[in-house]
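Working through the structure, step by step
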Amino acid sequence: MGKIIAVTNQKGGVGKTTTAVNVSAGIGKLGKKCLLVDVDPQGNATSGVGVDKRNIVHSSYEMMVNGVKAEEAVVHTKFDQLDLIPSSLELAAADLELAELEHREARLKQALALIKDQYDFIFIDCPPSLGLITTNALCAANTILVPIQPEYYALEGLSQLMNSVRIIKRRYNSYLDIEGVLLTMYDGRLNLTQQVVSEVKKFFPRKVFSTVIPRGVRLSEAPSFGMPIMYYDKSSKGSTSYMELAQEIVRNQPK
């Protein structure tokens, strides 16, 4: 049975989509069957694995709003063991449409339930907000992976996210847990970085990944070529870091 991990942070620009794309591709490279589900209206995870949004037949929008079966929305990518359920621009209005539907918070969970046994891991790339789409992702997930940039406002965003997680746990998904907090755009030379890391570790004891993701030009370039970093430049620091993160996640799973 596939483990469902929602990659989420309502703060934008923290490397959320970069992490969703590269950790799923990295785990696929390790021989585990992975599904990346793009529920962000921007669709950057979709283009980040080389899928042209103009050629999409079914998307996560149709799956959640119109009841299209998940297996009909799955696209096979050219990368090892990695499938995708793509996003579409229609997701931008999905919060309003979902609000009128029965079991509105569980539409994604119900859709993925039919295919999750086909995968070892399912990663959901969430939008940078806490609306009904993200609620659906948190209801469907076993755990959340939270990328944060070590900067002044990082903890403020984290506390808002954890408040939402507590509400979801209380109302809809009592089993939701934290997979881990990932430090992105990391520069260990800065005093502020060290201060934020220390605070995050106090806030989340034993939940901060030992792997950190450094800033890198190659990591920024890879999406424009529609490639995860380990396929674009496997010798780069970004590739090494995301492969280490993939190994750490696989290693942390119960036997």
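Look above for the structure.
Below: a short report on this structure. Remember, it's a predicted structure, so these values are computed and weren't measured experimentally.

Right, let's talk about the packing of aromatic side chains for a bit. On inspection of all chains with the given rule, the structure shows four aromatic pairs. The interplanar angle of 20° and the centroid separation of 6.1 Å between the aromatic rings of Phe 121 and Phe 123 together place this pair among those described as stacked. When sorted by exposure, Phe 121 lands in the same class as Phe 123, which is buried. Seen from their ring centres, Phe 203 and Phe 204 are 5.0 Å apart, and the 75° between their planes marks the pair as edge-to-face. For Phe 203, a relative accessible area of 41% puts it in the partly exposed group. The cationic tip of Lys 29 hangs over the ring face of Tyr 231; the distance from NZ or CZ to the ring centre is 4.7 Å.

Attention now moves to the pattern of salt bridges. Summed over all chains, the structure comprises nine salt bridges. Among the ionic pairs, Lys 33 bridges to Asp 83, the shortest N-O distance being 3.5 Å. Here Lys 33 is found in the loop between helix H1 (16–29) and strand E2 (34–38), whereas its partner Asp 83 is found in strand E4 (residues 82–85), with 50 residues between them in sequence. Owing to a relative accessible area of 3%, Asp 83 belongs among the buried residues under this scheme. The shortest N-O distance in the salt bridge between Asp 177 and Lys 207 comes to 3.7 Å. A residue pair is termed long-range when its members are at least 10 positions apart, and Asp 177 in strand E7 (residues 177–186) and Lys 207 in the loop between helix H9 (191–203) and strand E8 (208–214) qualify at 30 residues.

Now for the environment of Leu 89. Along the chain, Leu 89 falls in the loop between E4 and helix H5 (94–98). With 30 residues separating them along the chain, Leu 89 and Ser 59 place their C-alpha atoms 9.6 Å apart.

So, about the side chain of Thr 77. For Thr 77, the location among the structural elements is in the loop between strand E3 (75–76) and E4. One polar contact links the side chain of Thr 77 to the main-chain amide nitrogen of Phe 79, over a distance of 3.2 Å. Within the structure, Thr 77 has its side chain in polar contact with the backbone oxygen of Leu 82 (distance 2.7 Å). The contacts of Thr 77, once residues within four sequence positions are left out, are Val 49, Leu 82, Asp 83 and Leu 84.

All right, on to a nonpolar patch on the surface then. Taken together, the side chains of Tyr 152, Tyr 153 and Leu 192 make up a nonpolar region of the molecular surface, amounting to roughly 380 Å² of accessible area. Looking at the secondary structure, you find Tyr 152 in the loop between strand E6 (143–148) and helix H8 (154–171). On the basis of relative accessible area, Tyr 152 is assigned to the exposed category, the value being 66%.

The next point concerns the sheet that holds E2. The strand order E3-E4-E2-E5-E1-E6-E7-E8 describes an open sheet built from eight strands, whose pairing is mixed. On the outer flanks of this sheet lie E3 and E8, each paired with one strand and no other. When E7 meets E8, the two strands line up parallel, connected through three bridges. Within E8, the position partnered with Tyr 186 by the bridge is Pro 214. Sheet contacts for helix H7 (residues 132–140): strand E1 (3–7), strand E5 (121–125) and E6; angle to E1, the most-contacted strand, approximately 150°.

Attention shifts here to the environment of Phe 123. Of note, Phe 123 is situated in strand E5. Relative accessible area serves as the criterion here: at 0%, Phe 123 is assigned to the buried category. Separated by 39 residues in the primary sequence, Phe 123 and Leu 84 place their C-alpha atoms 9.6 Å from one another. The residues touching Phe 123, leaving out its near neighbours within four places in the chain, are Ile 5, Val 7, Val 23, Ser 24, Ile 27, Cys 34, Leu 35, Leu 36 and Val 37.

This part takes up H8. Spanning 18 residues, H8 covers 26 Å between terminal C-alpha atoms, matching the ideal 26 Å at 1.5 Å per step. Buried residues belonging to H8 abut H7, E6, E7 and H9.

Attention now moves to the pairing of E6. A large share of E6 lies buried, amounting to six of its six residues. Side chains Thr 143, Leu 145 and Pro 147 project from E6 onto one buried face, and the interleaved Ile 144, Val 146 and Ile 148 project onto a second face that is buried too. Two elements, E1 and E6, share three bridges in a ladder whose sense is parallel. Paired with Val 7 across the strands is Leu 145, a residue of E6. Both E6 and E7 contribute to a ladder of six bridges, which runs parallel.

Scoring rules and cut-offs
- Numbers given for residues are sequential positions, taken from 1 along each chain in its written order.
- Two thresholds apply to this predicted model, a pLDDT of at least 70 for residue-level local features and 80 or more for giving and counting side-chain atom pairs, whereas whole-chain, interface and lining totals are computed over all residues.
- Excluded from the side-chain calculation are hydrogens and water; included are all heavy atoms of the structure.
- What counts as a ring pair is set by centres within 6.5 Å for rings of Phe, Tyr and Trp (its six-membered ring), and what kind of pair is set by the plane angle: stacked under 30 degrees, edge-to-face over 60, tilted for all other angles.
- Relative accessibility thresholds used throughout: buried, under 20% of the residue-type maximum; exposed, over 50%; partly exposed, between the two (1.4 Å probe, protein chains only).
- Two limits define a charge over a ring: the Lys NZ or Arg CZ must be within 6 Å of the ring centre, and within 35 degrees of the ring normal.
- Any carboxyl oxygen of Asp or Glu that lies within 4 Å of a side-chain nitrogen of Lys or Arg is treated as forming a salt bridge with it.
- Helix and strand definitions follow DSSP, with helices as H or I runs of at least four residues and strands as E runs of at least two, each counted in order from the N terminus.
- The definition of a polar contact used here is a pair of N or O atoms within 3.5 Å, where within protein one atom must be able to donate a hydrogen and the other to accept one, and adjacent residues in sequence count solely through side-chain atom pairs.
- Here, two residues are considered to be in contact whenever any of their heavy atoms come within 4.5 Å of each other.
- Without a salt bridge and with relative accessible area above 30%, a residue can belong to a patch; like charges are then joined within 9 Å and nonpolar side chains (Val, Leu, Ile, Met, Phe, Trp, Tyr) within 5 Å.
- Accessibility throughout is a Shrake-Rupley quantity obtained with a 1.4 Å probe, and a residue counts as covered only by protein chains that appear here.
- Strands are treated as partners if at least two bridges between them are detected by DSSP.
- Orientation is described by axes fitted as lines to C-alpha atoms, over the contacting stretch for helices, and by angles from 0 to 180 degrees between their N-to-C directions.
- In this analysis, the expected span of each helix is defined as 1.5 Å times one less than the number of residues it contains.

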